[in-house]
There are 2 protein chains.
Amino acid sequence: MTYPFLDNLRVIESSAFIAAPLAGLTLSQYGAEVIRVDMIGGGIDYGRMPRMPQADGRGRSLYWTALNKGKRSIAIDLRRPQGRELVQALATAPGPRGGVLLTNIGTPWLAHEVLAAKRADVITCTIEGNSDGSTALDYTVNCATGYPAVTGGGSVQHPVNHVLPAWDMACAYQAAFAIVAAVSRRATCGEGAQLRIALSDVAFTALSHLGVMGEAELLHQDRPSIGNDLYGAFGRDFGTSDGGRIMVAAISINQWDALVQACGIADAIAALEQRLGLEFRDEAQRFEARAEIAALVEPWFTARTRAQAEAELTRHKVCWGRYNTVTELLAADARASVANPVFERIDTPGIGTHLAAGAVVRAAGLPRQPTSPAPLLGTDTDQVLHEVLGLDSGVIGRLHDAGIVAGPERDPSRV
Amino acid sequence: MTYPFLDNLRVIESSAFIAAPLAGLTLSQYGAEVIRVDMIGGGIDYGRMPRMPQADGRGRSLYWTALNKGKRSIAIDLRRPQGRELVQALATAPGPRGGVLLTNIGTPWLAHEVLAAKRADVITCTIEGNSDGSTALDYTVNCATGYPAVTGGGSVQHPVNHVLPAWDMACAYQAAFAIVAAVSRRATCGEGAQLRIALSDVAFTALSHLGVMGEAELLHQDRPSIGNDLYGAFGRDFGTSDGGRIMVAAISINQWDALVQACGIADAIAALEQRLGLEFRDEAQRFEARAEIAALVEPWFTARTRAQAEAELTRHKVCWGRYNTVTELLAADARASVANPVFERIDTPGIGTHLAAGAVVRAAGLPRQPTSPAPLLGTDTDQVLHEVLGLDSGVIGRLHDAGIVAGPERDPSRV
């Protein structure tokens, strides 16, 4: 579902992979009109795995269609000057709704100064790998953050990469925020903005904000590599008698009391405190004794099935979560289903009907619109040229004839 | 550094831990005035590890001060009706700048309808664990996403938790975005908004946007557990002769060509393609043959020191990154230093001078202000009461006498 927060905003997106497309998706879910510009035939991310199975190997990408739902699509030959001029014109079309470009491609012909010469108050948001313009991806930034060296009991020599592209995701949401902040300022003072966000800066600023950078500089220590243990309080995963796995967290005092009550270990905990000379109402002291505490908690889990443990944990208001695969999540967790208003079922051309997320926010009382599925490439070519640039059908026809633009590709599942 | 994008915005933050404080920090870095309200003596996150070393154990938290830089602090007795009324008054003070509350506390006396009764166009943004209001933390949401089951070669029975609180971070940036979107809409139509964002929805919507949900539903498969290998193309980590560890990624065709050239394995790759009947210009076929490709790449790394490998990778424009600890990052990577304009040195009371990140965006030509350090609790109590609520010194004095508010705590490092 989308909300009409930004229905006075049009964003031209020239992008690939995750960070910029997810930023555009986020803007679209808040009501912005997002027009993704692609090379005729698709950009370098258009066929990225996983793809729908199809004998010719050309099934649609579940990756691309997931990241580009809610958008309009225009297909242009970006190698030719006339095609590039069309994109420049789209990004600088007059009117308060327009004049916003979102990109992570970094082509000179979409540079801020080029567009600002055509529309002085243009807002451009360029996502880069590093701030010097050099290439970096989530994978090659993440390794530098120190996190893989302390994940899963790892080390620098035996690092564990994250699988979630966390920095791309954070970069996307920061970019959406930056664009709306700049648009808001433009509405007040009339000035455009040249925004640049480097993926590496997204990661390294987070190290500062989360305190791990200060820890290294001021305490001369790195976060310890402690496997699945929660840092600074008590929490970790436990196995149940039937092979289930459950995470529990006891950061607040209420969460700690709930865990102790649920497991019925109040006396044993009191004895442990006495033996160690610690006071577990202090979260740092729980962390210090985490191995001994876990030894008291573990038998409670191994004596129960997952269902039994979950029921008792819930009854005692313990903060817990179940480990599962995505398949298991979809099969058993109502939070990832249409029972949750954040989700809906949409019908994507070439893919079929499937669960899809709309805006993450829930805004009481505001009208909502269904999320539109990812378009076939070029689905909106003619309408966009007409609506945004005011081109008439004769001009649009000649652009087609010259191969400068292309209309909707055929649904690959029906070719 | 902060930018004046949002200097017409004041946000009252009643929060704890990461998601809401990081959202407030993000807003402050774009120029908003963010006033964090805390219980006199500090909330439940005020002493979270790591802390500055101090004989009495009361050294300031590097976690709290990292997340609350750039804000003003007011200390109020939140258990008493008069204290709660002050917070309500702050959040609903008249004027276009105000009327915005950011919270992840969820107390009934800060509910949207309570504040809307005092100011009809108030905007509240409430971050929750689950959308039914039940508790969840990053740790207990992450386990449900399926990621720990495929990280580091793990499984549901042997999951690997992430250490980065990725969902808290994503939630923070989404909340900052949602607030600015709602403020922008209010400026146009005059309506407030009740915004709710659940941490679990932040995670599960990302599963949809990144295609892994569609993969499970439509292809009946979960993302495979493939350790440090990059999914869908070629990339992984390699060790150098001197114990260094380097991540390389070859997603685009340019990145792939660069890696093959740097390692001097063009002939061996061609022979491998022939033997396997594959075409590595197709990223999916690189992924299929990733083990065989890695076997050709690995000897190149083991024959070189880290410095040698990095120099040659850079020369060939390979997309690569170095694994390190945060200490090593600070010692050797200019991207995490004041050579990068995103960083600056600030002097935090009770902590000293240290590196800190400002806004992640770089906005050419806009004036910038230094990031102010995290305040001592209650540093701004009197000024906020005067500036926002118009209270005079007599009234403020009586609030102090009654213990309803408190002024700046003493610098704990000087007590």
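The name that an unreviewed UniProt entry assigns to chain A is 2-methylfumaryl-CoA isomerase, with the source organism given as Alicycliphilus denitrificans.

### Examining the overall build of chain A
On a plain count of helices and strands, chain A comes out with 16 helices and 13 strands. C-alpha extents for chain A along the principal axes are approximately 85 × 50 × 45 Å. For chain A, buried positions account for 62% of its 415 residues. For chain A, the proportion of contacts with a sequence separation of at least 24, taken over those separated by at least 6, is 67%. Only carbon and sulfur atoms are counted for the fraction: they give 51% of the accessible area of chain A, which is about 14700 Å². One finds the centroid of the 37 positive side-chain charges in chain A at a distance of 5 Å from the centroid of its 44 negative side-chain charges.

### Some details on the pairing of strand β11 (residues 352–357) of chain A
All names here are of chain A. Direction of pairing for strand β10 (residues 343–348) relative to β11: antiparallel, over a ladder of 6 bridges. By the bridge assignment for β11, D347 is matched with T353. The hairpin turn running from β10 into β11, its antiparallel successor, is 3 residues long, and G350 in that turn takes a positive phi close to 85 degrees.

### Side note on the nonpolar core
Of all hydrophobic cores here, the largest spans 148 residues; its most connected members are F5, L27 and L195 of chain A together with F5, L27 and L195 of chain B. What F5 of chain B contacts, discounting residues up to four positions off in sequence, is A181, A182, R185, A193 and L195 of chain A together with Y30, V361, A363 and L366 of chain B.

### A word on unusual backbone geometry
Residue and element names in this part refer to chain A. Across the junction of M49 and P50, the peptide omega takes the value -5 degrees, indicating a cis bond. Residue placement: P50 occurs in the loop between β2 (33–39) and α2 (62–67). Despite not being glycine, H220 has its phi angle at roughly 55 degrees, a positive value. With respect to the helices and strands, the residue H220 is situated in the loop between α8 (212–219) and β7 (234–239).

### Considerations on helix α6 (residues 166–189) of chain A
Residue and element names in this part refer to chain A. The end-to-end C-alpha distance of α6, which contains 24 residues, comes to 34 Å, matching closely the 34 Å that a straight helix rising 1.5 Å per residue would cover. Within α6, 20 of the 24 residues are buried, leaving the element largely enclosed by the surrounding structure. Where α6 ends, the next residue or the one after it, G190, has phi of about 85 degrees, a positive value.

### Digging into the packing of helix α10 (residues 266–276) of chain B against helix α12 (residues 290–302) of chain B
Residue and element names in this part refer to chain B. Their axes nearest at 11 Å, the elements α10 and α12 cross at an angle of 160 degrees. Classified by the interaxial angle, the pair formed by α10 and α12 is roughly antiparallel. The two elements α10 and α12 cross, and the hand of that crossing is right-handed. Side by side, α10 and α12 meet where A268, I269, L272, R275 and L276 of the first sit next to E292, I293 and L296 of the second.

### Things to note about helix α15 (residues 381–389) of chain B
All names here are of chain B. Burial in α15 covers these residues: T381, V384, L385 and V388. Projected down its long axis, α15 carries its buried residues within an arc of 100 degrees, all on one side. Of the surrounding secondary structure, the elements contacted by the buried residues of α15 are β1 (10–14), β2 (33–39), β3 (72–76), α3 (81–91), α16 (393–401) and β13 (405–406). Among the residues trailing α15, G390 stands out with phi positive, at a value near 70 degrees.

### Here's the deal with the relation of the copies chain A and chain B
Here chain A sits on chain B after a turn of 180 degrees about the axis and a move of 0.0 Å along it, with an RMSD of 0.0 Å. Taken together, these values place the two copies in the relation of a two-fold axis. By C-alpha distance to the rotation axis, the residue of chain A lying nearest is F177 of chain A, at 2.2 Å. A shared interface surface links the copies, since 100% of the contact residues of chain A are contact residues in chain B too.

### A few points about the sheet that holds β3 of chain B
Pairing is mixed across the open sheet formed by 8 strands, whose spatial order is β12(A)-β6(B)-β5(B)-β4(B)-β1(B)-β2(B)-β3(B)-β13(B). Two strands in the sheet have a free side with no partner beyond their single neighbour: β12 (361–363) of chain A together with β13 of chain B. As paired strands, β3 of chain B and β13 of chain B are joined by 2 bridges and run antiparallel to one another. Of the residues in β13 of chain B, the one forming a bridge with I76 of chain B is V405 of chain B. Along the sheet, α3 of chain B makes contact with β1, β2, β3, β4 (100–103) and β13 of chain B, crossing β3 of chain B at roughly 150 degrees. Sheet strands touched by helix α7 (residues 199–209) of chain B: β12 of chain A together with β5 (123–128) and β6 (193–198) of chain B. Its angle to β6 of chain B, the strand with the most contacts, is close to 70 degrees.

### Details of the interface of chain A and chain B
Listed by partner, the interface residues are 142 residues for chain A and 142 residues for chain B. For the pair chain A and chain B, the summed buried surface comes to about 12100 Å²; carbon and sulfur atoms form 67% of the total. Considering only the side of chain A, the residues that lose the most area to chain B are F177, H209 and R362 of chain A, jointly responsible for 7% of the buried surface there. Inspection of the chain A/chain B interface yields 8 salt bridges. Connecting chain A to chain B are 42 residue pairs in polar contact (both at pLDDT 80 or more). Among the elements that make up the side of chain A that touches chain B, the one with the highest residue count is α6 of chain A (14 residues). A breakdown of the residues in the side of chain A that touches chain B according to their chemical character gives 84 nonpolar, 37 polar and 21 charged.

### A closer look at the packing of aromatic side chains
Taken as a whole and judged by the stated rule, the model has 20 aromatic pairs over all chains. Plain terms: the ring middles of W256 of chain A and F280 of chain A are 6.0 Å apart, the flat faces sit at 90 degrees to each other, and that makes the pair edge-to-face. In this pair, W256 of chain A sits in helix α9 (residues 253–263) while F280 of chain A sits in the loop between α10 (266–276) and α11 (283–288), placing the two residues 24 residues apart along the sequence. The exposure classification of W256 of chain A matches that of F280 of chain A, with both residues buried. Geometrically, the ring pair formed by W300 of chain B and F301 of chain B is edge-to-face, given 5.0 Å between the ring centres and 80 degrees between the ring planes. Residue W300 of chain B shares its accessibility class with F301 of chain B, and that shared class is buried. Taken together, the aromatic side chains of Y3, F5 and Y30 of chain A together with F177 of chain B make up a single cluster linked through ring pairs. Cation over ring: R290 of chain A sits above F287 of chain A, and NZ or CZ is 4.1 Å from the ring centre.

Analysis parameters
- For every chain, the first residue of the written sequence is number 1, and numbering continues from 1 along that sequence.
- Lettering for chains starts from A, numbering for ligands starts from 1, and both go in the order in which the items are written.
- Since the coordinates come from a predicted model, pLDDT governs what is reported: local features require at least 70, and pairs of side-chain atoms require 80 or more to be given and counted, while whole-chain, interface and lining totals use all residues.
- The side-chain figures draw on all heavy atoms in the structure; neither hydrogens nor water molecules are used.
- Labels follow the DSSP assignment, with helices taken as runs of H or I lasting at least four residues and strands as runs of E lasting at least two, numbered in each case from the N terminus.
- Categorising residues by exposure relies on relative accessible area from a 1.4 Å probe, with only protein chains included: less than 20% of the type maximum marks a residue as buried, more than 50% marks it as exposed, and the intermediate range marks it as partly exposed.
- The contact criterion used is simple: two residues touch if any of their non-hydrogen atoms lie within 4.5 Å.
- To be clear on the numbers: accessible area is Shrake-Rupley with a 1.4 Å probe, and residue cover counts the displayed protein chains and nothing else.
- Residues counted as positive are Lys and Arg, residues counted as negative are Asp and Glu, and His and the chain ends are not counted.
- Each charge is placed at NZ for Lys, CZ for Arg, CG for Asp and CD for Glu.
- One bridge is not enough; two strands pair if DSSP finds at least two bridges between them.
- Buried residues of nine kinds, namely Ala, Val, Leu, Ile, Met, Phe, Trp, Tyr and Cys, make up a nonpolar core once their side-chain atoms join them within 4.5 Å.
- One fewer than the residue count of a helix, multiplied by 1.5 Å, yields its expected span.
- Every angle, taken between N-to-C directions, lies between 0 and 180 degrees, and every axis is a line fitted to C-alpha atoms, over only the stretch in contact when it is a helix.
- Each angle gets one of four labels, with under 35 degrees taken as roughly parallel, over 145 as roughly antiparallel, 65 to 115 as roughly perpendicular, and the rest as oblique.
- By definition, turning the near helix anticlockwise from the far helix through less than a right angle yields a left-handed crossing, and turning it clockwise yields a right-handed one.
- Here the arc refers to the directions that run from the helix axis out to each C-beta atom.
- All copies are superposed by least squares; the fitting set is the C-alpha atoms of residues with a pLDDT of at least 70 in both.
- Joining two parts hides part of their accessible area as seen by a 1.4 Å probe, and the buried area is that hidden amount summed over both.
- Put simply, a salt bridge is a Lys or Arg side-chain nitrogen that is within 4 Å of an Asp or Glu carboxyl oxygen.
- Here a polar contact is taken to be a pair of N or O atoms separated by no more than 3.5 Å, where protein atoms must pair a possible hydrogen donor with a possible acceptor and residues adjacent in sequence count only if both atoms sit in side chains.
- Side-chain classes follow a simple rule in which Ala, Val, Leu, Ile, Met, Phe, Trp, Tyr, Cys and Pro form the nonpolar group, Asp, Glu, Lys and Arg form the charged group, and the remainder, Gly included, forms the polar group.
- In summary, the pairing rule links any two rings of Phe, Tyr or Trp, Trp by its six-membered ring, whose centres are within 6.5 Å, and it sorts them by plane angle into stacked for under 30 degrees, edge-to-face for over 60 and tilted for everything else.
- Definition used: whenever NZ (Lys) or CZ (Arg) falls within 6 Å of the ring centre and also within 35 degrees of the ring normal, the charge is taken to sit over that ring.

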